[in-house]
Amino acid sequence: MKRAIFILGVVLAYACTKTDAPAVTPAPPVVQEESVKFSTNLDTGTLNFTDTIPLVITVNSKVPAAGFQYAVTTTWTDSSKQIFKIDTAVNANTLSFNLPGHTRMGNYSIAVSVTSKSTSSNTSSKTISAVNIPYLPAVNIDMFPDINWNDFAQNKNNYYDFNGDGTPDIISYKRISNTSVLPPIFYINDYTGKTLYSFNLKEFNSKTRDSLNNIIYDFRDLNSDGKLDLVLTYMGEWWIGNGNNPTTGATGRWYGINTFLLINKGNMQFETIEIINDPTNVQFNVNLFDWDFDGKVDILTSTMQDGFYYKNMGNNKFEKKTITPLFQQAMNFRGVDFNGDGIDDYYNLYVNETDENGNYKSTNMSQTLSVVTNKGVTSYPIVGKTITKSVYVTPGTTTAERMNMVDGDGDGDVDLIVGYIFNDNGLFTHFQEYFENTGSQFVYKPNYIEYDKTLYSELQVWSTDIDKDGLKDLYYPTYSKSRIGGPRSTPFWWKNTKQGFKIMKNYRLKY
């Protein structure tokens, strides 16, 4: 009896122990993550660009609970310099942002990776090649067959924008016909060929005399309202047809001056004001500058040695005044700050000119650059090479015709660039020469601007920082799309290396 009771107790004890044990919950089945796969908007081969790059990363797999870790690194491979890096967690299958810093000309490598935040081994990556090919801001002259491009470029160093749309503009005029004596139509077009504004003198004043078939023009802010205004001078020299000069009686030539202000009212609307009506004289010049240094832009309609100009009296009124002759005038240029005061200055390059027989027209053989600033006029000798300017460019001869001012050696001051025509046995080409500003004179530096007469050329170079390295480069503002690939038709630009300007053929045309 005692034995039975003992056995029963053991059974009860075992039963109680088994009942108190915790239940084991089976582990949930493992859910396999989709492999990370992604694409970008840049997956089209090597990317060409000139600045910031928009990047869109799209993951084509399900977003894990913890999201994705996106990493992007850009390296300027030409210098092995890392210029940008981002590493961020995003609970979405897209990431969109701009890649900054891609401003220098050259090669770049963009490394992109996407990793699951839940499983670090679930990752994918790719590398995108990119090349910064800079824009050359030149216009296709095929769109503007009537424009004299040498006159368009004269006295300018860069483009301008009247309507503020970011596209450079062109000022020009077009005759009614090759035989008409009516005044031509004045135009402002943008670089894409669109006409922004036109002015017909006969519509403004139908009684204005005929034969005013040439227009000289310049532009600046005349009334300090922040908008570019224009001055147009209509002249009757080289009249087409028969007629008598009202003063001299000469046949076939008609003198006369009519000068107008076009005051910019905004939205490409201009108020027209006539300031000169003189049928007995002729002029070949319009230069807008603060000639008396009173803070207002005046109008020079002749040459400085003639001793008069039209003073800006305010409220769009101008009066003829006398001015002390400052220098003899040959080539001129305006628009570059010489003394670092933030105000554009005026430059006059005087070189002796030869007549049609090759004889010098003056016994004054000095060549000087006169700089007009708000502190007055300072003249600098030009040494190292005689600059020749000729009335007629016979085969085998050269003449200087244009100029520009730019800091080409990175020393902080502006130097002189002179543009020449060369008559290569009847085929005209152009080249540029460089004169360094030493502080007291301008010294010729041979071969500082690379020359290749087989390439496209013009009289005057313009300057801007094409490759975004902080230095002013040189370029011609025009090209002919229809002639690319033909003789002397290949566009190019010059890179400023601080040791000289080197020809570059790597670019994209912007306009």
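Above this text you will find the structure in question.
The structure presented is a predicted model; accordingly, all values stated were derived computationally and were not measured.

Attention shifts here to the overall build of the protein chain. Counting secondary structure elements, the protein chain contains three helices and 37 strands. Among the 511 residues that make up the protein chain, the fraction classed as buried is 47%. When contacts within the protein chain are restricted to residue pairs at least 6 apart in sequence, those whose partners lie at least 24 apart make up 54%. Of the roughly 25000 Å² of accessible surface on the protein chain, 50% is carried by carbon and sulfur atoms.

Right, let's talk about the packing of aromatic side chains for a bit. Tallied over the entire structure, the rule returns 37 aromatic pairs. Considering the side-chain rings of Phe338 and Tyr380, the 5.6 Å spacing of their centres and the 50° angle between planes classify their relative orientation as tilted. With Phe338 in the loop between β22 (331-336) and β23 (345-350) and Tyr380 in strand β26 (residues 376-383), the pair connects residues that are 42 residues apart, well separated along the chain. We note that Phe338, like Tyr380, is buried. Seen in terms of ring centroids, Phe435 and Tyr444 are 5.4 Å apart; in terms of plane orientation they differ by 45°. Their pairing is tilted. A relative accessible area of 0% places Phe435 in the buried class.

So, on to the layout of surface pockets. In this structure, the second largest pocket encloses a volume near 270 Å³. His430, Tyr456, Ser457, Arg483 and Arg488 are the residues nearest the centre of the second largest pocket, which is lined by 14 residues in total. Going through the elements one at a time, α2 (149-153) and β30 (427-437) are the ones with two or more residues in the lining of the second largest pocket. With four residues, the top contributor of residues to the lining of the second largest pocket is β30. Considered class by class, the residues forming the lining of the second largest pocket number six nonpolar, five polar and three charged.

Residues other than glycine predominantly adopt negative phi, and peptide bonds predominantly adopt the trans conformation. For Asn155, which is not glycine, the phi dihedral falls at a positive 65°. Secondary-structure assignment places Asn155 in the loop between α2 and β11 (169-174). Even without a glycine there, the phi angle at Arg488 is positive, about 50°. By the element assignment, Arg488 lies in the loop between β34 (478-479) and β35 (493-496).

Our next topic: the environment of Gly408. The residue Gly408 is located in the loop between β28 (398-406) and β29 (415-424) in this model. For the pair Gly408 and Lys495, spaced 87 residues apart in sequence, the C-alpha separation works out to 9.7 Å. Those residues in contact with Gly408 that lie beyond four places of it in its chain are Asp415, Tyr434, Tyr448, Asn496, Lys498 and Phe501.

Attention now moves to the pattern of salt bridges. Going through the model one piece at a time under the given rule, you end up with 18 salt bridges. Salt-bridge contacts for Lys174 lead to Asp146; the nearest nitrogen and oxygen are separated by 3.5 Å. Note that Lys174 is positioned in strand β11 and Asp146 in the loop between β10 (139-140) and α2, a separation of 28 residues in sequence. Lys174 gets classed as partly exposed once you look at its relative accessible area, which sits at 40%. Two residues, Lys453 and Asp424, come together in a salt bridge whose shortest N-O distance is 3.2 Å. With Lys453 in the loop between β31 (442-445) and β32 (462-464) and Asp424 in strand β29, the pair connects residues that are 29 residues apart, well separated along the chain. For Lys453, a relative accessible area of 37% gives the class partly exposed.

Within the open sheet, the three strands sit side by side as β11-β12-β13. Their pairing is antiparallel. The sheet is open, and its two borders are formed by β11 and β13 (195-200), each paired with just one other strand. Each strand of the sheet is rotated relative to its neighbour by a mean of 15°, with strand direction disregarded. Where β11 lies against strand β12 (residues 185-190), six bridges are found, and the strand directions are antiparallel. In the sheet register, Ile170 faces β12, and the bridge partner there is Asn189.

Scoring rules and cut-offs
- Residues numbered from 1 in each chain as written.
- Predicted model: local features only at pLDDT ≥ 70, side-chain atom pairs only at ≥ 80, totals over all residues.
- Heavy atoms only, no water.
- Helix = DSSP H or I, 4+ residues; strand = E, 2+ residues; numbered from the N terminus.
- Buried < 20%, exposed > 50% of the residue type's maximum accessible area, 1.4 Å probe, protein only.
- Contact = heavy atoms within 4.5 Å.
- Areas by Shrake-Rupley, 256 points an atom, 1.4 Å probe, with all protein chains shown as cover.
- Phe/Tyr/Trp six-rings, centres within 6.5 Å; stacked < 30°, edge-to-face > 60°.
- 1 Å grid on protein atoms, 1.4 Å probe; cavity = no way out; pocket = protein on both sides within 12 Å on 5 of 7 lines; lining within 4 Å.
- Points joined across faces, edges and corners; volume = space filled by probe spheres on them.
- Nonpolar A, V, L, I, M, F, W, Y, C, P; charged D, E, K, R; others polar.
- Salt bridge = Lys/Arg side-chain N within 4 Å of Asp/Glu carboxyl O.
- Pairing = 2+ DSSP bridges.
- Axes fitted to C-alpha atoms, helices over the stretch in contact; angles between N-to-C directions.

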